[in-house]
Amino acid sequence: MEVTDKQLQIESKLHDLADQWATRCFAFIKWKKRDVHVLQGFGGVIEDLEEAQLALQTLLSIRHVTPFRDEVRQELKQLSETTDSLELWVKVQQLWTSLESVFMGGDIAKQMPVAAKKFVKIDKEWTKSMARAVETRNVVGCCSNEMLRHALPTLYSDLEICQRSEEHTSELQSPLQ
């Protein structure tokens, strides 16, 4: 009887977690006066993902998990990949938001035409990715979207190049002290 009770508890916890992430959605806000959305309030989502992964790891350590082991591992893998994608997404968003005003108008963009052209390309990809995310809304659905998962690393490295160009130009313009 004890084994059955433990297995029911495991099954119940697993299904609760799966249900939670099947319905958990991102919040978005429009960025400045543009028709581009950005993630809002993602810190709580990251914390909840970490808690869910910890709960799943705990389930895996229970002796009676055997009938559910594969299902628990699959859910853990999915939430781990979701966390990885979301953490990179947040980094890309932070870089994009810090560089957007520099490259989308202003004198600095005119002084760096190559970087500005690269940023325009990045901006188009970012806008397209965010539009798709707004349509999807679901945390796991957004983060497991193959287009987004493949776009994020490239966006991040391209944004870093733009950032270095901007920093280099700013250093050249600042008076020596």
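All values reported here derive from a predicted model rather than from experimental measurement. (Residues numbered from 1 in each chain as written. Predicted model: local features only at pLDDT ≥ 70, side-chain atom pairs only at ≥ 80, totals over all residues. Heavy atoms only, no water.)

*Asks:* Looking at this model, I keep getting lost on the packing of helix α2 (residues 42-61) against helix α3 (residues 69-103). Mind explaining?
*Replies:* Two numbers describe a pair of packed helices, the interaxial angle and the distance between the axes. Relative to each other, α2 and α3 sit at 155 degrees, their axes nearing to 9 Å. Looking at the two axes, α2 sits roughly antiparallel to α3. For α2 against α3, the interelement crossing comes out left-handed. (Axes fitted to C-alpha atoms, helices over the stretch in contact; angles between N-to-C directions. Helix = DSSP H or I, 4+ residues; strand = E, 2+ residues; numbered from the N terminus. Parallel < 35°, antiparallel > 145°, perpendicular 65-115°, else oblique. Left-handed = near helix turned anticlockwise from the far one by under 90°.)

*Asks:* Hey, could you run me through the packing of aromatic side chains in this one?
*Replies:* The description of an aromatic ring pair uses the distance of the two centres, along with the angle that the planes make with each other. Under the criterion given, the structure shown has 5 aromatic pairs. Measuring from ring centre to ring centre gives 5.3 Å for Phe-103 and Phe-119, while their planes differ by 20 degrees; the resulting arrangement is stacked. Residue Phe-103 is found in helix α3, and its partner Phe-119 is found in helix α5 (residues 113-136); the two are separated by 16 residues along the sequence. Classification of Phe-103 by relative accessible area gives buried; the value is 4%. For Phe-119, a relative accessible area of 0% puts it in the buried group. Ring-pair connections join several aromatic residues into one group, and the members of that group are Phe-26, Phe-28 and Trp-89. (Phe/Tyr/Trp six-rings, centres within 6.5 Å; stacked < 30°, edge-to-face > 60°. Buried < 20%, exposed > 50% of the residue type's maximum accessible area, 1.4 Å probe, protein only.)

*Asks:* Would you mind showing me how to read the pattern of salt bridges here?
*Replies:* Side chains that differ in sign of charge can pair as their charged atoms come close. Inspection of every chain in the model, using the stated rule, returns 9 salt bridges. One salt bridge connects Glu-100 with Lys-32, and the closest N-O pair in it is separated by 3.9 Å. A residue pair is termed long-range when its members are at least 10 positions apart, and Glu-100 in helix α3 and Lys-32 in the loop between β1 (27-30) and β2 (37-40) qualify at 68 residues. A relative accessible area of 5% means that Glu-100 is categorised as buried. Between Glu-125 and Lys-128 there is a salt bridge; the shortest N-O distance is 3.7 Å. Taken together, the positions of Glu-125 and Lys-128, both in helix α5 and 3 residues apart, correspond to about one turn of that helix. Residue classification places Lys-128 among the partly exposed positions, given a relative accessible area of 47%. (Salt bridge = Lys/Arg side-chain N within 4 Å of Asp/Glu carboxyl O.)

*Asks:* Is there a simple way to think about the pairing of β2 in this case?
*Replies:* Relative to β2, β1 runs antiparallel, the two sharing 4 bridges. The residue bridging Phe-28 from the neighbouring strand is Leu-39, located in β2. Between the end of β1 and the start of β2, which pair antiparallel, lie 6 residues, with Lys-32 showing a positive phi angle near 50 degrees. (Pairing = 2+ DSSP bridges.)

*Asks:* How should the nonpolar core be read in this particular structure?
*Replies:* Nonpolar side chains tend to gather and get buried jointly when the protein is soluble and globular. Residues Phe-26, Leu-86, Trp-89, Trp-96, Phe-103 and Trp-126 are the most contacted members of the largest nonpolar core, which totals 52 residues. Going through the elements one at a time, α1 (2-23), β2, α2, α3, α5, α6 (139-143) and α7 (146-173) are the ones with two or more residues in this core. Sort the elements by how many residues they give to this core and α3 lands first, with 12 residues. When residues no more than four places from it in sequence are discounted, the contact partners of Trp-89 are Phe-26, Phe-28, Leu-39, Trp-126, Met-130, Ala-133, Cys-142, Cys-143, Leu-148 and Leu-152. (Core = buried A, V, L, I, M, F, W, Y, C linked by side-chain atoms within 4.5 Å. Contact = heavy atoms within 4.5 Å.)

*Asks:* Quick question: what am I supposed to make of the confidence of the model for the chain here?
*Replies:* The predicted coordinates should not be examined in detail at positions where pLDDT is low. Of all residues in the chain, 97% have pLDDT values of 70 or greater, and the mean over the chain is 93. Averaged pLDDT values over the elements of the chain bottom out at 80 in helix α4 (residues 107-111) and peak at 98 in β2. (pLDDT = per-residue confidence, 0-100.)

*Asks:* Looking at this structure, how should I read α3?
*Replies:* It helps to recall that an α-helix has 3.6 residues per turn; residues three or four apart then point in one direction. Taking 1.5 Å of rise per residue, 35 residues should cover 51 Å, and α3 covers 50 Å from first to last C-alpha, within 8% of that figure. Largest kink in α3: about 25 degrees, centred on Thr-97. (Expected span 1.5 Å × (residues − 1). Bend = angle between axes of the 7 residues up to and from the residue.)

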